[in-house]
Amino acid sequence: MSPQPAPGLAEDKERETNVFIEPAPGSPAKAAEGDGPGRPPSPVAWFRMLARELHWSFVFGVVATYGISQGLGGGISRVASDYYWKDVQRVQPSVAQVYQGVTSIPWMIKPLWGLLTDVLPVAGYRRRPYFILAGFIGVIAMLIISLHSKLHALFALLALMTGSASVAIADVTIDACVAENSILYPHLAPDMISLNGFCSSVGGLIGFSISGFLVHAIGAQGALGLLTIPSVLVILSGTLLKEVHTPNFPYEQAHRKFVEASGKMLTALKCPEVWRPCVYMYMSLALSVDIQEGMFFWYTDRSSGLSFHEGFIGFMFAVGSVGSLVGVILYQNILKDHSFRSLLFSSQLLLSLSGMLDLILVLRLNLKMGIPDYYFAVIDEGVSKMINRIKWMPLLVLSSKLCPPGIEGTFYALLMSIDNIGSLTGSWVGGLLLHLLRITRTEFKNLWAAIIIRNVMRLLPLSLLFLVPRSDPNSTLLPSDLLNEEDDGETRQIEDVELTSLPANRHSCNDKTLHDCGNQEAPDGEREDDEASLLAHRS
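Please read all numbers here as calculations on a predicted model, not as lab measurements.

Draft legend 1. Examining the pattern of salt bridges more closely. With the rule as written, the count across this model stands at five salt bridges. Residue Asp82 pairs with Arg78 through a salt bridge whose shortest N-O separation is 3.3 Å. Taken as a pair, Asp82 and Arg78 lie in helix α4 (residues 56-88) at a separation of four residues, close to a single helical turn. Judged by its relative accessible area of 22%, Arg78 falls in the partly exposed class.

Shown next as C-alpha cells:
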C-alpha cells in the first residue's frame, strides 16, 4: 500500500508530487514500463513485481475481492440465482431480468461507499474497516437466503441485494486502493487493471466450472449459501491489508470533509475532459440491451428450448470466462497501448457482430452448418465474453485516469456507478423488450426479434465516440488545475523542503545563481539520498 496521508483533503494533495518522480532505470517499476529486457517475462514474475512495488497485501486484496468474491463468487451466484428465480421463485423471464437489475442497485451508490472510505476513517483506518464490514454483511445475507426454505420473493430480493452490497463495498474499497496507486505509480495503472481483469476472469472460470454441479448437487439455495466463504476471505483481506494507522481523527470535521470532497467531485465533473467520457460510458452500456434471462430460460426449457442441464450451463459460462481471460491477455500484451477511441470503436463493432451468433443459434442455422447446439453455444459464449472484456478494459483504464488526487476512491466509485446505472438501464430495457415481445417461461417464438433489436442498438454508441479522448492509456487526461490544486503556501512549503534537502555545497550558491546551481547534476549517491529524504518527509 502507498503511505497513508494525514487527515484532511489538503494534506492528501501532497501525494500528487510523487507522480513526477521517475523510477530508477534498473528498478522493477521502470522495467514494467516498457518492453525492454527488464520487463517481467512471465505471469509469476509479473505478480512478484506488483507485490514488490505495491505490497503483497494489496495484491492479496485484489485476489480476494476480484478473484474470489467477484470472480468465483460471481460465477456461482450468476448460475445459482438464475436457477433460484426460475425454479424456486418461478418467475417469468422478464421479471427475472428486472430482478437481476434490481440486485445491482447497491453498485449504483458506490460513490457513497467511496466517499466514506476516502474521508471517514474508522478506528484510524480508511480501508480496512470497510473490507471487514463488507464481509460480515455478505455472510449474513447468504445465510438467510440459503437457510430459509420458503422465503418470500421480496425478502429474497432484499437478501440478494444485501449480498450485492457486500461485494460492492469490497469492490469500491479495493478500487480506491487501485486509483490511489494509479496516481502514485501511473506507469503501473494498466498493469493493475490487467491484474483485476486476470483475477476476475480466472475466478469466474473456476466459479462457473463448478456452479452447475453445485446447483445440481445441493440446489440453488445451497450454492448461494457457499458464497459465505468469499465473504470470509474479504474479511481476512481487510485484516491483513497494510495501511498506516491515523489516530485522533477529527470526526467533528467529517461534515466539512464530505462537503469538500463533494465540491471537488462536482468541479471535476464540470471539466469537459471528464464529463464527455462519462456520457459515452453510460450510453454505450445503456444501449447494449441485456436479454440474457430470455436466453437462459430458452437454454434450459425442456419443450421449446435446448434443454441444457445445470452442468452444461456452468461449463458454458466457464468457457465464457476463458474467453474473458483471453480478452485480458490480448489487451495486456497487444492492445493496451492503443488509443481509447480506436479500441472502443473496434470492440463496439465486434460486439454487435458477435451478437449475431445468438441469432444463428435461435434460428437453428447452426444445425444446417452441421454444428451441434452444444458446441455452437459454447463458441458463442466464449467469443461474446472475450469481446465484452476487450471493450470493458479500456473503459476501466479510462476511469482510473479520470480520478482527481485526494478523492480517488470516491470518484472512481462515481465513474463505476455511472457504468452500473448504464448496465441497469440496459437490463431493464431488455426486460421491457422481453415483455413486449411476449417471451415467457415457455414461449420463445419472438426471441429472434429481441436479438436483432439488441444487435442494432449496440451499433448506436459508435456515433458518440467523439466524446472519448484520442489519447492512449499512458497519457495524463486530467487538466493541470485538477492535478495541482495546492495553494501558494503549500507549494512554497514543498519547494522549501526540496531546497533544504540539497547537499550543503549547493547552499554556497548566491541568490542569483541558486536556480542554475539547483539544476546541476549531483553524484548518484547524493541524488538518491536527496530523493529519499524528500519522499520520507512527504510520507
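Draft legend 2. Here's a closer look at the packing of helix α9 (residues 189-225) against helix α14 (residues 310-335). Relative to each other, α9 and α14 sit at 170 degrees, their axes nearing to 7 Å. The angle between the axes of α9 and α14 places the two elements in the roughly antiparallel class. In the contact of α9 with α14, the residues fall into 14 nonpolar, 13 polar and two charged.

Draft legend 3. Representation of the nonpolar core in the model. Ranked by size, the top nonpolar core spans 68 residues in total, and within it Leu50, Phe58, Tyr280, Phe411 and Leu415 carry the most contacts. Considering each element in turn, this core owes the most residues, nine residues, to helix α8 (residues 153-184).

Draft legend 4. Representation of helix α6 (residues 110-119) within the structure. Most of α6 sits inside the fold, with nine of its ten residues counted as buried. By the burial criterion, the buried members of α6 are Lys110, Pro111, Trp113, Gly114, Leu115, Leu116, Thr117, Asp118 and Val119.

Draft legend 5. Here's a closer look at the packing of aromatic side chains. In the structure shown here, the tally under the stated rule is 13 aromatic pairs. The interplanar angle of 70 degrees and the centroid separation of 5.5 Å between the aromatic rings of Tyr84 and Trp85 together place this pair among those described as edge-to-face. This pair shows no difference in class: Tyr84 is buried, exactly as Trp85 is. Geometrically, the ring pair formed by Phe308 and Tyr374 is tilted, given 4.9 Å between the ring centres and 40 degrees between the ring planes. Of the two residues, Phe308 sits in the loop between α13 (292-300) and α14 while Tyr374 sits in helix α18 (residues 373-401), which places them 66 residues apart along the sequence. Its relative accessible area of 3% is what places Phe308 among the buried residues. Accessibility expressed as a relative area gives 38% for Tyr374, which makes it partly exposed. Three or more aromatic residues link up through ring pairs in this structure, and these residues are Trp298, Tyr299, Phe308, Phe312, Phe315 and Tyr374.

Draft legend 6. A look at the environment of Pro247. Positionally, Pro247 belongs in the loop between α10 (228-240) and α11 (254-269). Its relative accessible area of 48% is what places Pro247 among the partly exposed residues. Expressed as a C-alpha distance, the spacing of Pro247 and Gly124, which sit 123 residues apart in the sequence, is 4.9 Å.

Calculation criteria
- Residues numbered from 1 in each chain as written.
- Predicted model: local features only at pLDDT ≥ 70, side-chain atom pairs only at ≥ 80, totals over all residues.
- Heavy atoms only, no water.
- Salt bridge = Lys/Arg side-chain N within 4 Å of Asp/Glu carboxyl O.
- Helix = DSSP H or I, 4+ residues; strand = E, 2+ residues; numbered from the N terminus.
- Buried < 20%, exposed > 50% of the residue type's maximum accessible area, 1.4 Å probe, protein only.
- Axes fitted to C-alpha atoms, helices over the stretch in contact; angles between N-to-C directions.
- Parallel < 35°, antiparallel > 145°, perpendicular 65-115°, else oblique.
- Nonpolar A, V, L, I, M, F, W, Y, C, P; charged D, E, K, R; others polar.
- Core = buried A, V, L, I, M, F, W, Y, C linked by side-chain atoms within 4.5 Å.
- Phe/Tyr/Trp six-rings, centres within 6.5 Å; stacked < 30°, edge-to-face > 60°.

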